[in-house]
Amino acid sequence: MMTASLLSVRDLRVDINRGRRRAPVVDGVSFDINEGETFAIVGESGCGKSMTALALMRLVPAAARLVSGSVHLAGRDLLELTEGGMREVRGRELAMIFQEPNTSLNPVLTVARQIGEVLERQGGLRGNDARARTLALLDAVGIADAQRRLDEYPFQLSGGMKQRVMIAMALAGDPKMLIADEPTTALDVTIQAQILDLLRVLQRERRMGMLLISHDLGIVAEMAQRVAVMYAGEIVEVAGVTEFFAAPCHPYAKKLFAALPDISRRGALLETIPGQVPSVGDWPAGCRFAARCPAAFGLCRERAPEVVAISATHTVRCHLYAASETQQKPGSPRCARDDEAGVFAKSAATWQSSALVDGELDRHHESKQSVLDAVDLRMHFPIRGGLLKRTVGSVRAVDGVSLTLARGRTLALVGESGCGKTTVGKALLQLVGPGSGSIRLAGRELMGLSRREMRPLRRKIQMIFQDPFASLNPRMRVGEIISEGMAALQVVASASLRDQAVHALLAQVGLPAEAALRYPHEFSGGQRQRIAIARTLAVQPDVIVCDEPTSALDVSVQAQILNLLRELQERLDLSYLFITHNFAVVEYLAHEVAVMYLGRIVEFGSVADILRDPRHPYTVALLSAVPVPDPGQRRERLLLAGETPSPAHPPAGCHFHLRCAKVMDICRRQYPESTQLSASHRVSCHLFK
Amino acid sequence: MNFLPVLLWTDLLIWLLVLLLVVAAIAARRNEPLRRGWAHVGRNRGGMAAATVLAVFFVVGLSDSVHFRSRIDGANGANGAMPANYAVEVRSLLDLSLGHLRNRPEKSYSEPLALRLYNKDLVQLPDGRQTRDYPRLRYGGSHLDEQGTERGADVAATLARALAAALLVWSACAALLTLGLSRRQGERLAASWRRIWGWECAAGESGESNFAWSAVLAALGGVLLVAAILIALSANYHAFGTDKVGQDVLYLALKSVRTALIIGLLTTLVLLPLAVTLGIMAGYFRSWVDDLVQYLYTTISSIPGVLLIAAAVLMMQVVIDSHPQWFATSAERADVRLLSLCLILGMTSWTSLCRLLRGETLKLSQLEFILAAHAFGLSHRRIIVRHILPNLMHIVLISLVMDFSQLVLAEAVLSYVGIGVDPSTISFGTMINSARMELAREPMVWWSLAAAFSFMFALVLSANLLADAVRDAFDPQIAGSS
């Protein structure tokens, strides 16, 4: 097997400059990839995944240096080649797809030129030959109307299409090995499903080896044959995919699984990994995970563990499994998921008979008293053009949305990017405007209030933003940030009382009191999100709009934040409007779900209604596109064709009819009225008239 | 009283600025994050060396900003009934201390350290015959014999004396500093000394103890050395030579420092409020405010700057010339022209900073922390002052220093065209302007350009270095990464 492998990496080490010293970011990484095999590397950000990929291409940034190791591709050591020799390898034998399609295409070159460049370099094709080959490539990556797309510029393409063009470019040299670095992270779920499907088909057809880098265990479960877990520059576990998902060995891998939110953990605290990935250069001696490991014992802090083979295809870097020194270990190690009960509950039942959820939902039913009502909310932004800036059209970001949020409940607003869900959140806080419709907060109408009239009501409704790096003013100390709202809304009038309140709030979100004197940049992403939550809680709101508060965070940190939000809801009887695209979070946290498509809510119901019995074809497709972190559940997906149309020119009739599999004649003419399916479940679709 | 204080407009403004700086410094001492930021600046060696050099320039410039007219009837006008008469000439503290430079005019050009003029002239020989030769200077090297054979030895001896004096003064400064530090920290002198040079770190030190005293001392050493050499040489020679009318070039260069500082500082004082208010308002409120501000700065920046300045300066000149009664002395007149130049430069050069700030504000106001501030119902004023302005300060700071150097250079260009400062005002611009002719003549006169260049270079370079240090300390992204 060793000799047959397509790519063989041994002891790869990359150093990066840290001030005056150099520290390893990738430290002794070894793995093999066979022809036609997908090998996935998972891990949190800052673990050295992307650097490993760049090192294989010998494209490490200027501050980093390939120190040692070997990379054999089809028997040739890439690290021994000259730069000229390496250029022959790149594209022809080893190609790469990057994370962000928007920045990986040159905006001033047409698609044909960009792919043609590669063709000329790799195969010496020019002129009509190159054009024909480009066309064939675009067809291969499933771009509709490829003839027309050839002469378009990247800005004329959607995100998914750009990623397809990137893949076409990577395939142009007919590589033996494809490196995909988070190829779908910047894309929506339905588009992600299309791209993953494409990659799978292409790989099967061409017998390519593929190195897939991802942080999403769901994607890994669907795509990979073998999985490596990376932590702090080292591979800590390698296993076949079924073996790995059934019985992970390394405590870090176990923790990653346990931190995933889903239905089976509803109502319980998610497992979290204390602390965060140590930054490059501060990696501890001994086992690098020891400080965060629940099973760590004396030896872990003294000596770095060796790789231990569990079976022929399963290795782990952990002292717990080492043959010697068994007498010191606390208990006997076991390769299994910590959340085994959860897995069984999930695979056996999923949503079909989840008594747990029903009970919980019922419990809440009696206390259902609405705090926030939005009726027929519309936000149309004018498009101005011409010399005099006349209004020539409008973007219907939100187009008649009605919502009800009850006290102590969580309403999840789900949908893909551009569907207007964030605008709804901002409109509820009157941060964008003017709009039309009605928003009633605790009986008071918000729409049309002036800035001054709105101020006393701002106490009741607040927002937590998506990006904790942009939502805190970098020039203000944490204490000032938290007390600002209290001062402005006169929640706590005196400065000394405010200081006390700040300390209490910091304690509430699990931060030490001295954090108040520090600046936001001294904190990690998860800690910053805690600060943002504390700032919001400071004014004691009833309703909090959470705009994807965990999408910028790693899985283990996401679990901490979700736990905190759930705990606060229970303690303070808060209502959340939870804007998200992550269905796992919805399953874990939400009571009601509203699915948005192009500015309108297409389906609304309790979480059980939507997840157990989705009716709208869009909801069905959306749910089936979500990758499930369980290789046993690889199922046929309902692939949605095409992409979300622009809200400036919504299609006539039902907005979804262009992509809908069950489209009827009436759908093209008339937007469907909302149909009440049950007391809690309504849908806007002609199928259910 | 033996003198009449004269308060020129620029003096008033520059001292106001100094007062403002002092107040700001006191405020910064009280404010913990600001103090920490400045402590960070204090730890930057390059920055502190630059600050030392800059401080010397400031001392020169400020001492040139205290003006007075001395009494001419002096001691014999003792009877109080007579109104005292004062000289028409306005002098400054700097003039007073540089008396020996100022009052020793030669006839025309002479090279640095020369004994004779640069041009041949009719010379009366001792026997009464006349011949064309390079005449001896009246003051430069007048203590030497006619042939000036021992000039080399004399210069060497002077240099050695200067070196010794510089070393002495520097040692005294270093000793005083060590003493002061050891008194404050309560430790042995040797320990303080070692710590100044970073040979030894005190346990658990922080903030002030890391202050880059070594850089300050090193820069001070350099400055003292240069100063001592210049002082020693200029006692008997013209260290930088003389210009066309025989004025000492070193004196001109020192006087130019004030003009440069005034142009650089007062112009930014005019430019700053305009650029910051308009830029932030345009970016924050958008809609018609933005349109208005954009039209304004597009219009202004599409008029050729030099023409606009020329027109304004000429109009100002007409006003000044037609109202001679407003000014008691020619110095006051020149000063008003200098001030108006600052105003005009400020009015025309705010556009680029304004555009920059507008763009940045547009970007900032989309950020989530501004949205959060709106969600808390903060007033527009508070959002601008607390959230937007502090996040623009590094841009303001950087562009200010860039502008400072550019304005000093702009002054030179404008004086070249003849619409700069008053011809009687000594400035780097007028020096460079005259150097244009001097470089074209044969043999070439290079020293006045060299003097202006090296002074300006030192001034602008140290300002830039200090600004870099300040930016490193206050830009959160940079401060966070280090």
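Predicted model only: the values in this text are computed from it and were never measured.

Caption draft 1: Quick look at unusual backbone geometry. Residues and elements named next belong to chain A. The backbone of Ala232 shows a phi angle near 50°, a positive value even though the residue is not glycine. Relative to the elements of secondary structure, Ala232 occurs in the loop between β9 (226-231) and β10 (234-240). On the accessibility criterion, Ala232 (0% relative accessible area) is buried. In the Ramachandran plot, Ala442 falls in the positive-phi region, its phi being about 50° despite a non-glycine side chain. Structurally, the position occupied by Ala442 is in the loop between β16 (436-441) and β17 (444-445).

Caption draft 2: Here's a closer look at the interface of chain B and chain A. With 28 residues of chain B in contact, the opposing surface of chain A contributes 30 residues. Both sides of the chain B and chain A interface together cover about 2500 Å² of buried area, and 54% of this is carbon and sulfur. Per-residue buried area on chain B facing chain A is highest for Glu368, Ala375 and Phe376 of chain B; these three make up 28% of the total on that side. The tally of links between chain B and chain A comes to one salt bridge. Across the pair Glu484 of chain A and Arg386 of chain B runs a salt bridge whose closest N-O atoms are separated by 4.0 Å. The interface formed by chain B and chain A contains 13 residue pairs in polar contact (both at pLDDT 80 or more). Secondary-structure elements contributing two or more residues to the side of chain B that touches chain A are α2 (32-43), α13 (368-375), α14 (380-417) and α17 (476-481) of chain B. Looking at the side of chain B that touches chain A, the element that brings in the most residues is α14 of chain B, giving eight residues.

Caption draft 3: Representation of the nonpolar core. Core analysis: the largest hydrophobic core is formed by 189 residues, its most contacted members being Phe31, Ile115, Leu211 and Ile482 of chain A. In this structure, Ile482 of chain A is in contact with Val502, Leu505, Leu506, Ile531, Ala534, Arg535 and Ala538 of chain A, ignoring residues within four places of it in sequence. Formed by 40 residues, the second largest nonpolar core is a distinct cluster that contains Leu144, Leu254, Val445 and Ala451 of chain B.

Caption draft 4: The arrangement of helix α8 (residues 213-236) of chain B in detail. Residues and elements named next belong to chain B. Along its 24 residues, α8 runs 35 Å from first to last C-alpha, staying within 8% of the 34 Å computed at 1.5 Å per residue. Taken residue by residue, α8 has Ser214, Ala215, Val216, Leu217, Ala219, Ala228, Leu230, Leu233 and Ser234 as its buried positions. Looking at the packing, one finds that the buried side of α8 touches α3 (45-63), α5 (99-102), α6 (151-185), α7 (189-196) and α9 (249-285).

Caption draft 5: Representation of the sheet that holds strand β19 (residues 543-547) of chain A in the model. All names here are of chain A. Strands sit in the order β18-β19-β20-β15-β21-β22-β24-β23 across an open sheet of eight strands; the sheet is mixed. The open sheet has two edge strands, β18 (461-464) and β23 (674-676), and neither has a second partner. Going from strand to strand, the sheet's axes swing by 20° on average, the running direction of each strand aside. Pairing of β18 with β19, which is carried by four bridges, proceeds in the parallel orientation. Each residue of the ladder has a partner; that of Ile464, found in β19, is Cys546. On the sheet, helix α20 (residues 555-572) packs against β15 (410-414), β18 and β20 (575-580) and is oriented at approximately 155° with respect to β20.

Caption draft 6: Seen up close, the sheet that holds strand β13 (residues 370-385) of chain A. Residues and elements named next belong to chain A. Taking strand neighbours across the sheet as the criterion, the four strands line up as β14-β13-β16-β17 in an open arrangement whose pairing is antiparallel. Of all strands in the sheet, those bounded by a partner on one side alone are β14 (390-406) and β17. Pairing of β16 with β17, which is carried by two bridges, proceeds in the antiparallel orientation. Among the inter-strand pairings, Leu441 is bridged to a residue of β17, identified as Arg444. In the packing of helix α15 (residues 421-428) onto the sheet, the strands contacted are β13, β14 and β16, and the crossing angle to β13 comes to about 115°.

Caption draft 7: Main features of the pattern of salt bridges. Residues and elements named next belong to chain A. If you walk through the whole model with that rule in mind, you get 39 salt bridges over all chains. Between Asp399 and Arg396 there is a salt bridge whose closest N-O contact spans 3.9 Å. Since its relative accessible area comes to 35%, Arg396 is described here as partly exposed. Where salt bridges share partners, they join Asp376, Arg378, Arg396, Asp399 and Arg600 into one cluster.

Caption draft 8: Examining the pairing of strand β7 (residues 177-181) of chain A more closely. Residue and element names in this part refer to chain A. In terms of burial, β7 is a largely internal element, five of the five residues being buried. Residues of β7 alternate between two faces, with Met177, Ile179 and Asp181 on one and Leu178 and Ala180 on the opposite face, all of them buried. Of the strand pairs in this sheet, strand β6 (residues 94-97) and β7 are connected by four bridges, and their pairing is parallel. Bridge assignment links Ala95 to a residue of β7, and that residue is Leu178. As paired elements, β7 and strand β8 (residues 209-214) share five bridges and run parallel to each other. Paired with Leu178 across the strands is Met210, a residue of β8. As for the winding sense of the linkage, the β-α-β connection from β7 through helix α8 (residues 189-206) to β8 is right-handed.

Caption draft 9: Looking closely at the environment of Ser678 of chain A. With respect to the secondary-structure elements, Ser678 of chain A resides in the loop between β23 and β24 (682-684). As for Ser678 of chain A and Ile213 of chain A, which are separated by 465 residues in sequence, their C-alpha atoms are 43 Å apart.

Caption draft 10: Main features of the domain arrangement of chain A. Residue and element names in this part refer to chain A. Its domain assignment divides chain A into domain 1 (7-110 + 170-244), domain 2 (111-169), domain 3 (247-347) and domain 4 (358-460 + 541-688). Facing 20 residues of domain 3, the contacting portion of domain 4 comprises 21 residues. Considering only the surface of domain 3 that becomes buried against domain 4, Pro261, Arg266 and Leu270 emerge as the three largest contributors, covering 36% of it. Inspection of the domain 3/domain 4 interface yields zero salt bridges.

Rules and cut-offs
Residues numbered from 1 in each chain as written. Chains lettered and ligands numbered in written order. Predicted model: local features only at pLDDT ≥ 70, side-chain atom pairs only at ≥ 80, totals over all residues. Heavy atoms only, no water. Helix = DSSP H or I, 4+ residues; strand = E, 2+ residues; numbered from the N terminus. Buried < 20%, exposed > 50% of the residue type's maximum accessible area, 1.4 Å probe, protein only. Contact = heavy atoms within 4.5 Å. Buried area = accessible area lost by both parts, 1.4 Å probe. Salt bridge = Lys/Arg side-chain N within 4 Å of Asp/Glu carboxyl O. Polar contact = N/O pair within 3.5 Å; in protein donor to acceptor, adjacent residues only side chain to side chain. Core = buried A, V, L, I, M, F, W, Y, C linked by side-chain atoms within 4.5 Å. Expected span 1.5 Å × (residues − 1). Pairing = 2+ DSSP bridges. Axes fitted to C-alpha atoms, helices over the stretch in contact; angles between N-to-C directions. Right-handed = clockwise from strand over helix to strand, strands pointing away. Domains from an automatic or database assignment.

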